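# Commentary on secondary and tertiary structure
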Amino acid sequence: MVHLGQAVMLAGVIVAASHWLAHLEAFGPGQPPGWLDLAAGYPMGAILLIVGGMLAGRRQA
């Protein structure tokens, strides 16, 4: 379960980093649309980090 949690946390870091780079216009001119900011930007990265941390911290029963 620890490795699954770590993988989910890594996905959260990748989502947040790619969103940050999109705001810096690293992928071309223009900002991400508003719905992308609310759905797949920093909030989704944070949710993935939190869920991944919960999964990684679970004890085996």
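What you see is a predicted model, and the numbers here were worked out from it, not measured in a lab. (Residues numbered from 1 in each chain as written. Predicted model: local features only at pLDDT ≥ 70, side-chain atom pairs only at ≥ 80, totals over all residues. Heavy atoms only, no water.)

This paragraph deals with the confidence of the model for the chain. When pLDDT is averaged across the chain, the result is 86; 98% of the residues are at 70 or more. For the chain, the element scoring lowest by mean pLDDT is helix 2 (residues 34-39), at 74; helix 3 (residues 42-56) scores highest, at 93. (pLDDT = per-residue confidence, 0-100. Helix = DSSP H or I, 4+ residues; strand = E, 2+ residues; numbered from the N terminus.)

Here the phi dihedral of E25 falls at roughly 60°; this positive angle occurs in a residue that is not glycine. Tracing the chain through its elements places E25 in the loop between helix 1 (2-23) and helix 2.

Quick look at helix 3 now. Think of an α-helix as turning once every 3.6 residues; residues three or four places apart then point the same way. In this model, helix 3 (15 residues) spans 21 Å end to end at C-alpha, consistent with the 21 Å of a helix rising 1.5 Å per residue. Among all positions in helix 3, only G45, G52 and L55 are buried. In an axial view of helix 3, the angular spread of the buried residues amounts to 95°, which keeps them on one side of the axis. When the buried face of helix 3 is taken as reference, the exposed residues oriented beyond 90 degrees from it are I50 and M54. Against helix 1 lie the buried residues of helix 3. (Expected span 1.5 Å × (residues − 1). Buried < 20%, exposed > 50% of the residue type's maximum accessible area, 1.4 Å probe, protein only. Arc of directions from axis to C-beta. Contact = heavy atoms within 4.5 Å.)

This part takes up the packing of helix 1 against helix 3. Where helix 1 contacts helix 3, the axes come no closer than 7 Å and their chain directions differ by 165°. In terms of orientation, helix 1 and helix 3 fall into the roughly antiparallel class. Our pair here, helix 1 against helix 3, has a crossing hand that is left-handed. For the contact of helix 1 with helix 3, the residue count by class is 15 nonpolar, 8 polar and no charged. (Axes fitted to C-alpha atoms, helices over the stretch in contact; angles between N-to-C directions. Parallel < 35°, antiparallel > 145°, perpendicular 65-115°, else oblique. Left-handed = near helix turned anticlockwise from the far one by under 90°. Nonpolar A, V, L, I, M, F, W, Y, C, P; charged D, E, K, R; others polar.)

For the rest of this paragraph, the subject is a nonpolar patch on the surface. Residues W20, L21, L24, F27 and Y42 make up a contiguous nonpolar surface patch of about 560 Å² in total accessible area. Summarising the element assignment, W20 is placed in helix 1. (Patch = residues over 30% accessible without salt bridge, like charges linked within 9 Å, V, L, I, M, F, W, Y side chains within 5 Å. Areas by Shrake-Rupley, 256 points an atom, 1.4 Å probe, with all protein chains shown as cover. Salt bridge = Lys/Arg side-chain N within 4 Å of Asp/Glu carboxyl O.)

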